[in-house]
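A structural walkthrough
Residue-level listing of the chains:
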Amino acid sequence: MDTLDAYLSCISRLLLHLYATSVVHIFFSDVIISGAHNVPNDCPIIFCPTHAGMTHDGVLVRKTVPTVRFLSCWASERYLSHSIVGRLLKSTGAIPVRMVPRTSPKARNFNKNTEIYAITAAKLKSGEDVAIFPEGHSYTEPTIMPMLSGAAWVLVEYQNLYPRDVQPVMVPVSISYSTKAKARSRAHVKYCAPLSIASLSSHLKDGDSTREITARNLTSLLQERLAENSINAPDWETWNAAFLAHRLLHPQVPSVDWPEEIQHLISRLTSPLLQEQRAILSNYHSLLENSLFIDERTFSAEIPIHFMLASLVHPVMFISTPLWPAYIVGWLGPYFMTPVGKLEGIGPYKSLYTQGGFLLTTVCASLAATYRISIFNLLHFPLIFATIFAALYLLHCLVADTLDKHYRHSRTGICLLVAELVSTTPLSSQQLAVNQAPPTYLRSPWFLEQPEKPQVIRTVDLITRMRITRWHLEDSRKAALECLASLSLNS
């Protein structure tokens, strides 16, 4: 059985690595890694990433981590309790953890989870690294969430169990997304300076050497380190205004330090003196979100509609025809799997369903090719399957960026033309004000200190989207550009 488990572990880790690789290449157009020099290679490591992107966060850490050791992670036991998926995840080294809302008293008793900490310490002792999401759950908020103390308690427990060994460190990992729900978006993974119990020497007073105080201080340092290196805004209006301003100021590919640039814009726009300008930028962002599938970069560049429509007959649109079934499956999947307003779930489900579409397309093509070669000889199927899948994957890697550009242009052109032909009257001032408000997202109950009433997520019907696109988007764009020109936010 041990041999079987070892083989299963190797196969599972290989499959997980292939899945992470395909997600990075299929969903993201660019993944920037910074701070890799902060990751030591002479001690065990607990990676502590932010968790705003659900499974994408784990994928990005697994693909970008600069160490060569196996990486295990904490995972909710409700996923690991599944008979098939759970066994697969456990074979990759996942450690089951019971998730409890922060309203529960159990969420405050992390010092009593000694069994989990001992298991995690044993993983570190065996030469593996561990990833722990200190916020506890994925979310969609304009700032990072308060950290839980689980990772800090693992350090404390390791020191208690193996006092003579080289002690592990915590490496905070800040993960930022340009638009986490949209395919071909950008991600930025920043590895921050490590934290350890030894680093607390300058923060502890005499007599503060108890295990609880050590864990509490480590968690506070982790919160500070991640807050300093991630994107944080006081509210959604400021967040949306800063992101829009950055895209208007950098219409081409942004620099490698785009999260720092956005945080600088947030700092500028937080000023009470800029409340009116902040509202103008946020209004344009909201109208774009509520418009008829308008791509903001294409629209803000003022490309003529006939040039946009010309993208429909660009050669890449025909060359990529074998990829469209997978793209359509990936586009439709989140509509059936993600609750309305749960923004952090859309991107991961797009990745999952797109890869499912690739596999389905490959299976159908392989069966057709096998049938034509020899109806009785299925031995050809594995080779044909591997060849077709590799060809589709290579085709995607070659044309993805060009295809995405012309798809956005053609989609925006079609939507502008439809809105011009179909829509009738502008929105009333009251209707316009409602659609200029920042979009509402589903708040995770795990982070609520007090239970809330069920949320009402605002949705926008198709006719309203057409009216926004036809009558209000252009004026809002001009106001946003004039606002940027007067603010000189580039400085």
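For the structure, see preceding data.
Residues numbered from 1 in each chain as written. Predicted model: local features only at pLDDT ≥ 70, side-chain atom pairs only at ≥ 80, totals over all residues. Heavy atoms only, no water.

To continue, consider the overall build of the chain. Looking only at helices and strands, one finds 18 helices and 7 strands in the chain. For a compact globule of 491 residues, the expected C-alpha radius of gyration is about 23 Å, and the chain comes in at 25 Å, within 12% of that figure. Based on the C-alpha atoms only, the size of the chain along its principal axes is roughly 75 × 75 × 40 Å. For the chain, with 491 residues in total, the buried portion stands at 48%. When the accessible area of the chain is evaluated, it comes to approximately 24,600 Å², of which 62% is carbon and sulfur surface. Side-chain charges in the chain split into 42 positive and 38 negative, and the spacing between the mean points of these groups amounts to 5 Å. (Helix = DSSP H or I, 4+ residues; strand = E, 2+ residues; numbered from the N terminus. Rg over C-alpha atoms; globule rule 2.2 N^0.38 Å. Buried < 20%, exposed > 50% of the residue type's maximum accessible area, 1.4 Å probe, protein only. Areas by Shrake-Rupley, 256 points an atom, 1.4 Å probe, with all protein chains shown as cover. Lys, Arg positive; Asp, Glu negative; His and termini not counted. Charge placed at Lys NZ, Arg CZ, Asp CG, Glu CD.)

Our next topic: the packing of helix α16 (residues 380–422) against helix α18 (residues 462–487). Orientation of α16 relative to α18, taken along the N-to-C sense of each, is 95°, at an axis distance of 9 Å. Comparing the axis directions of α16 and α18 gives the class roughly perpendicular. Taken together, the residues of α18 that come into contact with α16 (itself represented by Cys-415, Leu-416, Val-418, Ala-419, Glu-420 and Val-422) are Met-466, Thr-469 and Arg-470. Looking at the contact of α16 with α18 residue by residue, the classes come out as 6 nonpolar, 1 polar and 2 charged. (Axes fitted to C-alpha atoms, helices over the stretch in contact; angles between N-to-C directions. Parallel < 35°, antiparallel > 145°, perpendicular 65-115°, else oblique. Contact = heavy atoms within 4.5 Å. Nonpolar A, V, L, I, M, F, W, Y, C, P; charged D, E, K, R; others polar.)

Attention now goes to unusual backbone geometry. Phi at Arg-184 is positive, roughly 65°, even though this residue is not glycine. Locating Arg-184 in the fold gives a position in the loop between β6 (169–177) and β7 (185–191). Judged by relative accessible area, which is 14%, Arg-184 ranks as buried. The backbone of Phe-293 sits at a positive phi, close to 55°, despite the residue not being glycine.

This next bit is on the nonpolar core. In this structure, Ile-231, Ile-262, Leu-269, Leu-281, Tyr-284, Ile-294 and Leu-473 are the most contacted members of the largest nonpolar core, which totals 39 residues. Breaking this core down by element, the ones donating at least two residues are α8 (236–249), α9 (258–269), α10 (275–289), α16 and α18. If one sorts the elements of this core by residue count, α8 sits on top with 8 residues. Non-local contacts of Ile-231, meaning those with residues more than four positions away in its chain, are made with Pro-142, Thr-143, Ser-176, Trp-239, Phe-243, Trp-258, Pro-259, Ile-262, Gln-263 and Ile-266. Counting residues in each nonpolar core, the second largest holds 34 residues, with Ile-46, Tyr-158, Ala-215 and Phe-447 among its members. (Core = buried A, V, L, I, M, F, W, Y, C linked by side-chain atoms within 4.5 Å.)

To continue, consider the packing of aromatic side chains. How two aromatic rings sit relative to each other is given by the distance of their centres and the angle of their planes. A complete count under the given rule lists 15 aromatic pairs for this structure. Centroid distance Trp-239 to Phe-243: 4.7 Å. Interplanar angle 25°. Geometry classified as stacked. With a gap of 4 residues between them, Trp-239 and Phe-243 both fall in helix α8, about one helical turn apart. Side by side, Trp-239 and Phe-243 carry an identical accessibility label, which is buried. (Phe/Tyr/Trp six-rings, centres within 6.5 Å; stacked < 30°, edge-to-face > 60°.)

Let us now look at the packing of α10 against helix α17 (residues 429–436). At a closest axis distance of 8 Å, the pairing of α10 and α17 adopts a crossing angle of 90°. What the angle tells us is that α10 and α17 run roughly perpendicular. The segment α10 lies against α17, with Ser-282, Asn-283, Ser-286 and Leu-287 engaging Leu-432, Asn-435 and Gln-436.

Right, let's get into α16. For α16, which comprises 43 residues, the first-to-last C-alpha distance of 52 Å sits more than 12% below the rise-based estimate of 63 Å (1.5 Å per residue). At Val-399, α16 shows its largest kink, close to 55°. (Expected span 1.5 Å × (residues − 1). Bend = angle between axes of the 7 residues up to and from the residue.)

Before going further, it helps to examine the pairing of strand β3 (residues 71–76). For β3, the tally of buried residues reaches 6 of 6 residues, placing the bulk of the element in the interior. Examined bridge by bridge, β3 and strand β5 (residues 129–131) share 3 bridges and lie parallel to one another. Counterpart to Ser-72 in the pairing with β5 is Val-130. With 3 bridges connecting them, β3 and strand β4 (residues 95–97) associate as parallel partners. Within β4, the residue paired with Trp-74 across the bridge is Ile-95. (Pairing = 2+ DSSP bridges.)

Turning next to the side chain of Ser-9. Within the element layout of this structure, Ser-9 appears in helix α1 (residues 2–26). Owing to a relative accessible area of 18%, Ser-9 belongs among the buried residues under this scheme. At 2.9 Å, the side chain of Ser-9 forms a polar contact with the backbone oxygen of Ser-91. (Polar contact = N/O pair within 3.5 Å; in protein donor to acceptor, adjacent residues only side chain to side chain.)

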